[in-house]
Amino acid sequence: MSKKRLASRVQRTAQSGLGNIFANGQTELISFAAGLPDTGSFPKAALKQAFDQVFDNDNGETLQYHDSLGLLPLREKLADRLTKQGTPTKTAELMLTQGAQQGIDLVARLVLNKGDGLVVEAPTYIGALANFDAYEPTYHEVNMEPDGMNITQLQKVLLQHDVKLVYTIPDYQNPTGAVMSLAKRQALLELANRYNFIILEDSPYRELCYNGHLLPTLRSMDTEGRVISLGSFSKILAPGLRLGWLNADAELFQDIVALKAGLDVETPNLIMQGVNTYLDTNNLDAHIQSINKVYQEKMTFMLQCLQRELPAGVTYTKPTGGFFIWLTVPDNIDLGQLLTDRMLPEGHVSYVPAKNLYPSKAVHNQARLNFTNPSLADIQTGIHRLSEILADTIASKRPSYAFSNK
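Here is what the cut-offs are and how they apply
- Residues numbered from 1 in each chain as written.
- Predicted model: local features only at pLDDT ≥ 70, side-chain atom pairs only at ≥ 80, totals over all residues.
- Heavy atoms only, no water.
- Buried < 20%, exposed > 50% of the residue type's maximum accessible area, 1.4 Å probe, protein only.
- Helix = DSSP H or I, 4+ residues; strand = E, 2+ residues; numbered from the N terminus.
- Arc of directions from axis to C-beta.
- Contact = heavy atoms within 4.5 Å.
- Phe/Tyr/Trp six-rings, centres within 6.5 Å; stacked < 30°, edge-to-face > 60°.
- Lys NZ or Arg CZ within 6 Å of the ring centre and 35° of its normal.
- Salt bridge = Lys/Arg side-chain N within 4 Å of Asp/Glu carboxyl O.
- Pairing = 2+ DSSP bridges.
- Expected span 1.5 Å × (residues − 1).
- pLDDT = per-residue confidence, 0-100.
- Axes fitted to C-alpha atoms, helices over the stretch in contact; angles between N-to-C directions.
- Parallel < 35°, antiparallel > 145°, perpendicular 65-115°, else oblique.
- Left-handed = near helix turned anticlockwise from the far one by under 90°.
- Nonpolar A, V, L, I, M, F, W, Y, C, P; charged D, E, K, R; others polar.

Asks: Would you explain helix α7 (residues 151-160) in this entry?
Replies: Because the α-helix completes a turn every 3.6 residues, residues three or four places apart line up on one side. Along α7, the residues classified as buried are Ile151, Leu154, Val157 and Leu158. On an axial view of α7, the arc spanned by its buried residues comes to 110°, and they lie on one face. Facing away from the buried side of α7 by more than 90 degrees, the exposed set consists of Lys156, Leu159 and Gln160. For α7, the secondary structure elements touched by its buried residues are β3 (117-122), β4 (138-145), β5 (148-149), β6 (163-168) and α8 (182-195).

Asks: Explain the packing of aromatic side chains to me, please; I cannot follow it from the model alone.
Replies: Two descriptors summarise a pair of aromatic rings, namely the distance from one centre to the other and the angle between the planes of the rings. Throughout the structure, instances matching the rule amount to six aromatic pairs. Taken together, Tyr205, Tyr295, Phe323 and Phe324 form an aromatic cluster joined through their ring pairs. Over the ring of Phe323 we find Lys235, and its NZ or CZ is 5.9 Å from the ring centre.

Asks: Looking at this structure, how should I read the pattern of salt bridges?
Replies: Pairs can form between side chains of opposite charge whenever their charged atoms are close. Inspection of the entire model under this criterion finds 19 salt bridges. For Lys114, the salt bridge goes to Glu136, with nearest N and O atoms at 3.7 Å. A residue pair is termed long-range when its members are at least 10 positions apart, and Lys114 in the loop between α5 (99-111) and β3 and Glu136 in the loop between α6 (126-133) and β4 qualify at 22 residues. Classification of Lys114 by relative accessible area gives exposed; the value is 67%. A salt bridge links Glu346 to Arg342; the nearest nitrogen and oxygen atoms lie 2.9 Å apart. One end of the pair is Glu346 and the other is Arg342, both in helix α13 (residues 335-347) and four residues apart, which spans about a single turn. One network of salt bridges, in which partners are shared, links Arg81, Glu207 and Asp285.

Asks: Please clarify how the sheet that holds strand β13 (residues 352-353) should be interpreted in this entry.
Replies: Pairing between the strands of a sheet is mediated by backbone hydrogen bonds and can be parallel or antiparallel. Spatially, β10-β11-β14-β13 is the arrangement adopted by the four strands of the open sheet, whose pairing is antiparallel. Single-partner strands in this sheet number two, and they are β10 (315-316) and β13. Bridging between strand β11 (residues 324-328) and strand β14 (residues 366-370) involves five bridges; their strand directions are antiparallel. Across the sheet, residue Leu327 finds its bridge partner in β14, namely Ala367.

Asks: What is the right way to look at the sheet that holds strand β9 (residues 244-247) in this model?
Replies: Spatially, β2-β9-β8-β7-β6-β3-β4-β5 is the arrangement adopted by the eight strands of the open sheet, whose pairing is mixed. The open sheet is flanked by β2 (94-97) and β5, the only strands paired with a single partner. One ladder, built from four bridges, connects β6 with strand β7 (residues 198-202); its direction is parallel. Bridging across to β7, Tyr167 finds its partner in Leu200.

Asks: Which parts of the structure should I look at to understand helix α10 (residues 250-263)?
Replies: When the terminal C-alpha atoms of α10 are compared, their 20 Å separation across 14 residues agrees well with the 20 Å that a helix rising 1.5 Å per residue should span. Listing the buried residues of α10 in full gives Leu252, Phe253, Ile256, Val257 and Lys260. Down the axis, α10 shows its buried residues gathered within 140° of arc, on one side only. More than 90 degrees from the buried face of α10, the exposed residues found are Glu251, Ala258 and Gly262. Looking at the buried side of α10, the elements it contacts are β2, α5, β7, β8 (227-232) and β9. Just past α10, the residue Val265 takes up positive phi, approximately 70°.

Asks: It is not clear to me how the confidence of the model for the protein chain should be interpreted in this structure. Could you clarify?
Replies: Interpretation of the predicted coordinates at a detailed level should be avoided for regions scoring low in pLDDT. Confidence along the protein chain averages 93 in pLDDT terms, with 92% of residues attaining 70 or more. The model gives residues 400-406 a pLDDT under 50, and that stretch makes zero contacts with residues more than four places away or in other chains.

Asks: Even after reading the chapter, I still don't get the packing of helix α4 (residues 72-84) against helix α11 (residues 269-281), so can you show me in this structure?
Replies: Pairs of packed helices are described in terms of their axes, by the angle between the two and the distance that separates them. Interaxial distance between α4 and α11 falls to 9 Å at its minimum, and their mutual angle equals 50°. Judged by the inter-axis angle, α4 sits oblique to α11. Our pair here, α4 against α11, has a crossing hand that is left-handed. Within the contact between the two elements, α4 uses Pro73, Leu74 and Lys77 and α11 uses Met272, Val275, Asn276, Leu279 and Asp280. Among the residues making up the contact of α4 with α11, the classes are represented as five nonpolar, one polar and two charged.

Structure, rendered in structure tokens:
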């Protein structure tokens, strides 16, 4: 049988490494890899009650086709919530999506032709790269700093290359946990206006704020309609709902609506109805406050374990929110190879190696650790195992010197 002729995007997406994050065939495995919420944080009883109520009150429309924008009452609630949080939002410019991941795909479809310039933070979200790869852009990496992307480096890229889209996670960035400073947010918007590019602001972690305060969104500071913002219920309610939202000015928004209609027709009405009913009868802010307490405890505990256990020469970020800690080891250690050779078969612990978080695949001595999903006991055990193998590996790679008595 002759080999099937497939699109080039299949090979590019297959190399993203995204599928490996959720692979777990080991019963002993402690995973710091997948960006999963704490399973115990899901309000199952309240959601069940909400979905039961949807069916109890069904007038025959719950399981019917609707429209691409999404359930109007839920969009109204979201627009009101975002506006009260400081991002003025019109219901008519807010769309419900199948998770923020679909929002990334819609914006890529909207903006990118093959070869177009795309700036991403380095490192960045693995799922975004898997999506962008399918559109075959020309990537430009801009290094991350403790207060967000390196704006000086971005300026140099813009002077030398035509860029159509800049993708950023300004709040508790995935994977570093960094928060973009107010000055950098202002500078990024000024550059967008000057060089005529669109900003995709992806903020699924924005409300997971543990030790800091929230800065204005890029969308709220935008004066020329260049920012498309994404949000999600995945991290603040439950990822299994696959429900997110996209907000953009009318000029861009209408084209995005048309693209979504051709992509999936609409976001599932049943899910939207259930979440809308949940919001009618429950306090989402109180729920977020409760999970933030759990996540802050886990984050603090993992940082304490890292400080106590890690060998010299290994550094890590100290986030104030979000899901992740970013680990850096000496340059001569490949954490992707070490994961395969020792961490998984010997230590039974996993993480996301940096190779999968840079478009260039050129960085090998960094990794992403998730602290929200594992238990405190697993955090303690897993960090101990990881640290032991790192200490042994670092020691084995130190240069040896021969001394003579001459």
